Amino acid sequence: MRWVVPLVMAIVCTCPALGEPAAFNAGVVRLTVADGAAALDTVVFYPTHAREVPWQAGPFTIEATRDAAPAPDERLPVVLISHGRAGSPFSHRELATALARAGLIVVLPTHVGDASGLPRAQSQAQILMDRPQQAEAALNTVLADPRFSAHADTSRIGMIGYSAGGYTALILAGAKPDFAYASAYCANHDDPGSCPQPAASTHAQGTQGKAAVPAELLAWQPPADHRLKALVLMDPLAMLFDASGLSAVRIPTMLYRPQDDRYLGSARNALAIASGLAAPPAVHVVPGNHFVFVDPCPAAIAASAAAVCEDAPGVDRAAVHRQIEHEVVEFLRTTL
């Protein structure tokens, strides 16, 4: 079984409520999810009463026990986490572990075509269409899996999205993208985080380049999952949505953005979400830049991925993550 997916880039009670201190330990399993012709590696963190046994997945230390028996408690909430561009499920392993200890089943799909260590999709249009479908396939597979079907409360499902994962979460929450709107922005702005240029060997166009919107995007009907009851967005890629496109998103939302927005301009991303949602989100500003939301990097990765792993002097990424974990658990406790 191949566990390594590279990185780019509770209160104590017998009820199923979330809170603190943690009522559970964390378990973890890997599933292979069928999605058309592709197979998606999906990692699931979940509550267990088994003793935690840390292990190494390549350079990553995973503080959860592999293949532990799920806690035989009442039905528990589920949260789907979508990683960013060229990331992986282990980009958010610490958050997933914290959520499992708090009593959630956490589903982390690998976005094939937009993940570290895997071939890039032929076009950005394909990535934009595949991401929501992949997330939905992973969620449905976990909900149907006999290990989790008896424990998952399908009336309490939330989603967390970081960067392009924020786009993915917004789509599933009902947002309608305007690809022409995004393409016009990219044609007139030098914003590499929002509008990365495609490699010369690909034909990626539309929202990420200066060409006309591809026909397949114009014809695409974005999926929406009405089971979602709460959203957490971490510096989301959101310049594909105007206010009218956000009008259908009516569920409670918490939004994070970094103090330093030089990579992903906040005006057309995080701030546009803050002002465009019908129900204003709870907004948190954290120290650091766009990549501060990625878990602290192991030394073996930090040396080769400085842009993702290095923080400005005075920014304590580990402390930022502990605060985020506390806030996200509390938010989901009150909304799911």
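What this report covers is the structure whose coordinates are included nearby.

Parameters and conventions
Residues numbered from 1 in each chain as written. Predicted model: local features only at pLDDT ≥ 70, side-chain atom pairs only at ≥ 80, totals over all residues. Heavy atoms only, no water. Pairing = 2+ DSSP bridges. Helix = DSSP H or I, 4+ residues; strand = E, 2+ residues; numbered from the N terminus. Contact = heavy atoms within 4.5 Å. Axes fitted to C-alpha atoms, helices over the stretch in contact; angles between N-to-C directions. Phe/Tyr/Trp six-rings, centres within 6.5 Å; stacked < 30°, edge-to-face > 60°. Buried < 20%, exposed > 50% of the residue type's maximum accessible area, 1.4 Å probe, protein only. Lys NZ or Arg CZ within 6 Å of the ring centre and 35° of its normal. Parallel < 35°, antiparallel > 145°, perpendicular 65-115°, else oblique. Left-handed = near helix turned anticlockwise from the far one by under 90°. Nonpolar A, V, L, I, M, F, W, Y, C, P; charged D, E, K, R; others polar. 1 Å grid on protein atoms, 1.4 Å probe; cavity = no way out; pocket = protein on both sides within 12 Å on 5 of 7 lines; lining within 4 Å. Points joined across faces, edges and corners; volume = space filled by probe spheres on them.

## Here's the deal with the sheet that holds strand β7 (residues 105-109)
Part 1 of the argument: Read from one edge of the open sheet, nine strands run β5-β1-β2-β7-β6-β8-β9-β10-β11, paired in mixed fashion. Among the strands making up the open sheet, the edge pair consists of β5 (65-66) and β11 (282-286).
Part 2 of the argument: In terms of strand pairing, strand β8 (residues 152-162) meets strand β9 (residues 228-234) through six bridges, oriented parallel. Its bridge partner being in β9, Met159 is matched across the sheet by Leu231.
Part 3 of the argument: Against the sheet, helix α3 (residues 164-172) engages β6 (76-82), β8 and β9, with an angle of about 140 degrees to β8.

## Quick word on the packing of aromatic side chains
Part 1 of the argument: The tally for this structure, following the rule as stated, stands at seven aromatic pairs.
Part 2 of the argument: Measuring from centroid to centroid gives 6.0 Å for Tyr167 and Phe241, while their planes differ by 25 degrees, and the two rings are stacked. You can see Tyr167 sitting in helix α3 and its partner Phe241 sitting in the loop between β9 and α6 (243-246), a full 74 residues away along the chain.
Part 3 of the argument: Look at Tyr167 and you get buried, because its relative accessible area is 0%.
Part 4 of the argument: When its relative accessible area of 2% is taken as the criterion, Phe241 is described as buried.
Part 5 of the argument: Every member of this aromatic cluster is reached through a ring pair, and the members are Tyr162, Tyr256 and Phe293.
Part 6 of the argument: The ring of Trp55 has Arg66 sitting right over it, with the charged end atom 4.4 Å from the ring centre.

## A word on the packing of helix α1 (residues 93-101) against helix α10 (residues 317-335)
Part 1 of the argument: Relative to each other, α1 and α10 sit at 45 degrees, their axes nearing to 10 Å. Classified by the interaxial angle, the pair formed by α1 and α10 is oblique. When you trace α1 past α10, the crossing you get is right-handed. Contacts between α1 and α10 involve Glu94, Leu95, Ala98 and Leu99 from the former and Arg322, Glu325, Val328, Val329 and Leu332 from the latter.
Part 2 of the argument: Of the residues in the contact of α1 with α10, the class split is six nonpolar, no polar and three charged.

## A word on empty space enclosed by the protein
Part 1 of the argument: Approximately 50 Å³ is the volume found for the largest cavity.
Part 2 of the argument: In terms of residue count, α10 provides more of the lining of the largest cavity than any other element does, three residues in total.
Part 3 of the argument: A per-class count over the lining of the largest cavity returns four nonpolar, two polar and two charged.
Part 4 of the argument: There is about 40 Å³ of room inside the second largest cavity.
Part 5 of the argument: Lining the second largest cavity are Arg85, Asp114, Arg120, Gln124, Ile127, Leu128, Arg131, Ala164, Tyr167 and Leu237.
Part 6 of the argument: Listing elements by their share of the lining of the second largest cavity, those giving two or more residues are α2 (124-144) and α3.
Part 7 of the argument: Residue composition of the lining of the second largest cavity, by class: five nonpolar, one polar and four charged.

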